[in-house]
Number of protein chains: 2
Amino acid sequence: MWHIDEPALERIEIGAGILGTGGGGNPYLGRLMAREQLRAGRRITVVPPDAVPDDALVTSVGGMGAPVISIERPPRGDEYQHALRALEAHIGRAFTHIVPGEIGGSNSTRPLLAAAQTGLPVIDGDGMGRAFPELQMCTFMMEGIPATPAALADYNGYTVIFDRATDPRVLERYARAVTIQMGGAAGYAFPVMTGAELKRTVIPRTITLAHDLGGAVLDARATHGDPVAAVLDVMGGIRLFTGKITDVERRLVGGFARGEVSIAGSGPDEGGQLRIDFQNENLIARDGDGRVRAVVPDLICIVDQETAAPITTEVLRYGLRVAVLGIPAPGQLRTESALRFIGPAAFGYEDVAYEPIPGAYGAGAARAR
Amino acid sequence: MWHIDEPALERIEIGAGILGTGGGGNPYLGRLMAREQLRAGRRITVVPPDAVPDDALVTSVGGMGAPVISIERPPRGDEYQHALRALEAHIGRAFTHIVPGEIGGSNSTRPLLAAAQTGLPVIDGDGMGRAFPELQMCTFMMEGIPATPAALADYNGYTVIFDRATDPRVLERYARAVTIQMGGAAGYAFPVMTGAELKRTVIPRTITLAHDLGGAVLDARATHGDPVAAVLDVMGGIRLFTGKITDVERRLVGGFARGEVSIAGSGPDEGGQLRIDFQNENLIARDGDGRVRAVVPDLICIVDQETAAPITTEVLRYGLRVAVLGIPAPGQLRTESALRFIGPAAFGYEDVAYEPIPGAYGAGAARAR
């Protein structure tokens, strides 16, 4: 068990930004809101999964919607808490723990905010080990936890409860449609899990991993080291490409930010080209010959060449000098059954075989605390 | 108090079809399902509003979605009951009565089906006195009953609860979006009212009115009288036009069936023309010079010239010989505050003033039983 303080929040923000693989939104705002809570004397307690009792009652909270929305209208900050309370009222029981649904991007810091607001401990782990665009794309759903009951809350405090739809794809469609009507962004709380179910399905220790990743990047910056190398040191994986962004196409489709980014090589990649497709998150990286260099569920992270600052899809623009990293997905995402949810075909790349990037997720992290 | 038997169901079906003003869907299927319930020994008890105790707990059930959907995929018949039970579970109390939300079209017989299934009495009245395309367009909402909590249930038994959104326009948007994802049709249960609130807001005796209207039409048919005149005898109002349909344009927009129908005059209207716009229901009738002959909230009913069989917007087609009737709206829909919800401007006809058709809704009905 440990407590997240202000420096830890900053490290988590940086680590979670990188793990967002271009999407998941920016964790900055959630960090600021969580920091306000800390300054008001509230605490954020992190407990490892194996410290969670079997009969604990756990849910996940976060935001649903295209990240670009939160730039135009930031959340109020109480959407996640409202969703959690609405779900509690619906089931007639109180939650004992919060677990992040996705450690990548903005949904890393929102559960910390809700934990501070509610006083509930947050579990060190998540359901993705990264970010994904759709809510069924998490280990909880892949392992058969029922998707509902689930709750959404909007900016005005209006709530919507979904029930009896055990298929997460149905929840995804229904909740996405409501989220669009809610102005493109909503707080969610789902699923309802026991502690035993959580322990069976969670990707463990990913808050600590994000924290350590952010810490390694900050250390490398402070010591004039190589922050990009520091990312690979902690996470495992390879540098796919180095270059300059030459083109970005973006469109908002059905509540998702979809698009492509093209990068012209520099340094060792001079003369080469890399094109990355994204749907909120980066999905596939192909070189100039169309050869696949990396594909979901492996993490494709675009970071600043010098600082390793994560570059999310909504801030991609011509001229940015970037490094593209390919990081092995957590083992739980690489199984045959998981790939049906989050492999290339689940994103419409029917003809692309999943070739895992060698190595293990977070291989270089000091995973104990 | 009276019980609806099979002949009464048939009369209600015909009357409600006419009161549907072209929309609201076809009450036929709901009648068949309710008839099955009667044949299985269940009862449908109708109570007048003034017999409802002040502390009764009332909700309305029916179907949401474009009527054309139910032709392609009929409802199962338990959607309305499922929505009601989900709403009960959410509020933690049991309903004592059901009231129809709209007496026009398919939502006239669905509450009767749910009444038979649940054993709850149905209140003789409704919130529209006709049909309208959006759920905020009822007297319950116009008079300030909170729109939520509200429930939807789909074909598969999946349920969605909306809460804390007191503005019915918000519920309309959220519920409509979910309904589209539910395949275009859903059962609803809303609002939650006390008996006192019901009595203050309901348009009374409209089940009886639909019944008597249908009975008058059937009598006229059986006695070789004039069924179209029989409609006007019961309902009040005027014959706007007689002719042959020459053109129908239809499109499905945002879950609504929108379009226009053109009618070329015959008999006394020879040489004339009438054009009617609809959004599920008929909204405005204009002659060849563009002059408004009738407009919402007054009822514009297209019926067969000979039989007075209602012709709903989804079965409009070239060559049908029709009479178009203009029937005065219930007084509760004609007030200045009601017109903000269901007057011409609420449907986008900003420049059209509401000129009431002379007379009173249901003026010729024997309103006592």
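Sequence order as written defines residue numbering, which begins from 1 separately in each chain. Here the convention is simple: chains get letters from A, ligands get numbers from 1, in the order in which they are written. A pLDDT threshold of at least 70 governs which residues receive local features in this predicted model, and a stricter bar of 80 or more applies before side-chain atom pairs are shown or counted, although totals over entire chains, interfaces and linings include all residues.

1. A look at the overall build of chain A
Comment: elements are numbered from the N terminus, with helices defined as DSSP H or I runs of at least four residues and strands as E runs of at least two. For chain A, the helix and strand inventory stands at 11 helices and 17 strands. Atoms considered for the radius of gyration are the C-alpha atoms alone. The globule rule reads 2.2 Å times the number of residues to the power 0.38. The C-alpha atoms of chain A give a radius of gyration of 19 Å, which matches the 21 Å a tight globule of 369 residues would have. Overall, the C-alpha framework of chain A stretches about 60 × 45 × 40 Å when taken along its three principal axes. Here chain A holds 369 residues, and the buried ones make up 59% of them. Contacts here follow a simple rule: the backbone-placed C-beta atoms of the two residues must lie within 7 Å. Counted over contacts in chain A with a minimum sequence separation of 6, partners at least 24 positions apart contribute 75%. The burial label depends on the number of other C-beta atoms within 10 Å of a residue's C-beta. Counts of 20 or more mean buried, 12 or fewer mean exposed, and intermediate counts mean partly exposed, with C-beta atoms placed from the backbone.

2. Concerning the relation of the copies chain B and chain A
For this overlay, a least-squares fit was computed on C-alpha atoms, restricted to residues scoring pLDDT of at least 70 in both copies. Mapping chain B onto chain A calls for a rotation angle of 180 degrees and an axial translation of 0.0 Å; the resulting RMSD is 0.0 Å. Viewed as a symmetry operation, the transformation between the two copies matches a two-fold axis. Relative to the rotation axis, the C-alpha of B:Ile161 is the closest in chain B, positioned 2.4 Å from it. Most of the interface of chain B is mirrored in chain A, where 100% of its interface residues again form contacts.

3. Things to note about helix 2 (residues 28-39) of chain A
Side chains three or four residues apart in an α-helix point the same way, a direct result of the helix having 3.6 residues per turn. All names here are of chain A. Spanning 12 residues, helix 2 covers 16 Å between terminal C-alpha atoms, matching the ideal 16 Å at 1.5 Å per step. Buried within helix 2 are the following residues: Leu29, Gly30, Arg31, Met33, Ala34 and Arg35. Among the residues trailing helix 2, Gly41 stands out with phi positive, at a value near 95 degrees. Under the convention used throughout, the expected extent of a helix is 1.5 Å for every residue step, that is, one less than its residue count.

4. A look at the sheet that holds strand 12 (residues 256-265) of chain B
Residue and element names in this part refer to chain B. Paired strands, as defined in this entry, are two strands with at least two bridges between them according to DSSP. In space, the seven strands of this open sheet follow the order 15-14-13-12-11-17-16, with antiparallel pairing throughout. The open sheet is flanked by strand 15 (292-295) and strand 16 (299-304), the only strands paired with a single partner. Direction aside, the axes of adjacent strands within the sheet are offset by 30 degrees on average. Alignment of strand 11 (residues 238-253) against strand 17 (residues 321-327), held across six bridges, turns out to be antiparallel. Bridge pairing in strand 17 places Arg239 opposite Leu325. Relative to the sheet, helix 10 (residues 227-235) contacts strand 11, strand 16 and strand 17, its axis offset from that of strand 17 by approximately 10 degrees. Geometry is summarised by axes, namely lines fitted to C-alpha atoms with helices restricted to the contacting stretch, and by angles between N-to-C directions that run from 0 to 180 degrees.

5. Quick look at the nonpolar core
Counting 240 residues, the largest nonpolar core has A:Ala151, A:Val231, B:Ala151 and B:Val231 as the members making the most contacts within it. Discounting chain neighbours no more than four positions away, the residues touching B:Ala151 are B:Ala83, B:Ala86, B:Leu87, B:His90, B:Thr159, B:Val160, B:Ile161, B:Tyr188, B:Ala189 and B:Phe190. A set of buried Ala, Val, Leu, Ile, Met, Phe, Trp, Tyr and Cys residues, joined through C-beta atoms within 7 Å, is what we mean by a nonpolar core.

6. Some remarks on the packing of helix 4 (residues 79-91) of chain A against helix 5 (residues 110-118) of chain A
Residues and elements named next belong to chain A. At a minimum axis separation of 9 Å, helix 4 and helix 5 run at an interaxial angle of 65 degrees. The angle between helix 4 and helix 5 places the two elements in the roughly perpendicular class. Taken as a pair, helix 4 and helix 5 cross one another with a handedness that is right-handed. Here Tyr80, Gln81 and Leu84 of helix 4 come into contact with helix 5, specifically with Arg110, Leu113, Ala114, Gln117 and Thr118. For classification, angles of less than 35 degrees are called roughly parallel, those exceeding 145 degrees roughly antiparallel, those between 65 and 115 degrees roughly perpendicular, and all remaining angles oblique. Throughout, a crossing is termed right-handed when the near helix is turned clockwise from the far one, and left-handed when it is turned anticlockwise from it by less than a right angle.

7. A few points about the packing of helix 2 of chain A against helix 5 of chain A
A pair of packed helices is captured by two measures, namely the crossing angle of their axes and the spacing between those axes. All names here are of chain A. In the contact formed by helix 2 and helix 5, the axes pass within 8 Å of each other and the chain directions differ by 20 degrees. What the angle tells us is that helix 2 and helix 5 run roughly parallel. Crossing handedness for the pair helix 2 and helix 5: left-handed. Between helix 2 and helix 5, the contacting residues are Gly30, Met33, Ala34, Gln37 and Leu38 on the first element and Arg110, Leu112, Leu113, Ala116 and Gln117 on the second. The nonpolar class holds Ala, Val, Leu, Ile, Met, Phe, Trp, Tyr, Cys and Pro. Asp, Glu, Lys and Arg form the charged class, and all remaining residues, Gly among them, are polar. Partitioning the contact of helix 2 with helix 5 into residue classes produces six nonpolar, three polar and one charged.

8. Some thoughts on the environment of B:Thr194
Residues and elements named next belong to chain B. Along the chain, Thr194 turns up in strand 9 (residues 185-194). Residue Thr194 is classed as partly exposed on the basis of its C-beta count, with 17 C-beta atoms lying within 10 Å. Once the C-alpha coordinates of Thr194 and Asp54 are considered, the two residues, 140 residues apart in sequence, prove to be 6.4 Å apart. Non-local contacts of Thr194, meaning those with residues more than four positions away in its chain, are made with Asp54, Asp55, Ala56 and Leu57.

9. Quick notes on the interface of chain B and chain A
Contact residues are listed per partner, giving 18 residues for chain B and 18 residues for chain A. With seven residues, the single largest contributor to the side of chain B that touches chain A is helix 7 (residues 168-181) of chain B. Among the residues forming the side of chain B that touches chain A, the class breakdown is 11 nonpolar, four polar and three charged. Pairing of strand 8 (residues 159-163) of chain A with strand 8 (residues 159-163) of chain B involves five bridges; the strand directions are antiparallel. Pairing of A:Thr159 across the sheet is with B:Asp163, part of strand 8 of chain B.

10. A closer look at the domain arrangement of chain A
Residue and element names in this part refer to chain A. Throughout, the edges of the domains are those of an automatic or database domain assignment. Each assigned domain of chain A is listed here: domain 1 (2-204) and domain 2 (226-347). Once you take the C-alpha centre of each, domain 1 and domain 2 turn out to be 24 Å apart. For the side of domain 1 that touches domain 2, the secondary structure elements donating two or more residues are helix 1 (6-19), helix 3 (67-72), helix 6 (139-142) and helix 7 (168-181). Class assignment of the residues belonging to the side of domain 1 that touches domain 2 gives a composition of 13 nonpolar, 13 polar and two charged.

11. Overview of unusual backbone geometry
All names here are of chain B. Across the junction of Thr148 and Pro149, the peptide omega takes the value 5 degrees, indicating a cis bond. Counting through the fold element by element, Pro149 comes out in the loop between helix 6 (139-142) and strand 7 (150-153). Of the consecutive residues Phe190 and Pro191, the connecting peptide bond is found in the cis state with omega at -15 degrees. The residue Arg205 is not glycine, and still its phi comes out positive at about 65 degrees. Within the element layout of this structure, Arg205 appears in the loop between strand 10 (203-204) and helix 9 (206-222). Positive phi values are uncommon outside glycine, yet Ala308 reaches one of about 65 degrees. If you trace the backbone, Ala308 turns up in the loop between strand 16 and strand 17.

12. Considerations on the sheet that holds strand 12 (residues 256-265) of chain A
All names here are of chain A. Read from one edge of the open sheet, seven strands run 15-14-13-12-11-17-16, paired in antiparallel fashion. Here the strands that pair on one side only, and so sit at the sheet edges, are strand 15 (292-295) and strand 16 (299-304). For this sheet, the mean angle separating the axes of adjacent strands, direction not counted, is 30 degrees. Pairing of strand 11 (residues 238-253) with strand 12 involves 10 bridges; the strand directions are antiparallel. Bridge pairing in strand 12 places Asp247 opposite Ser262.

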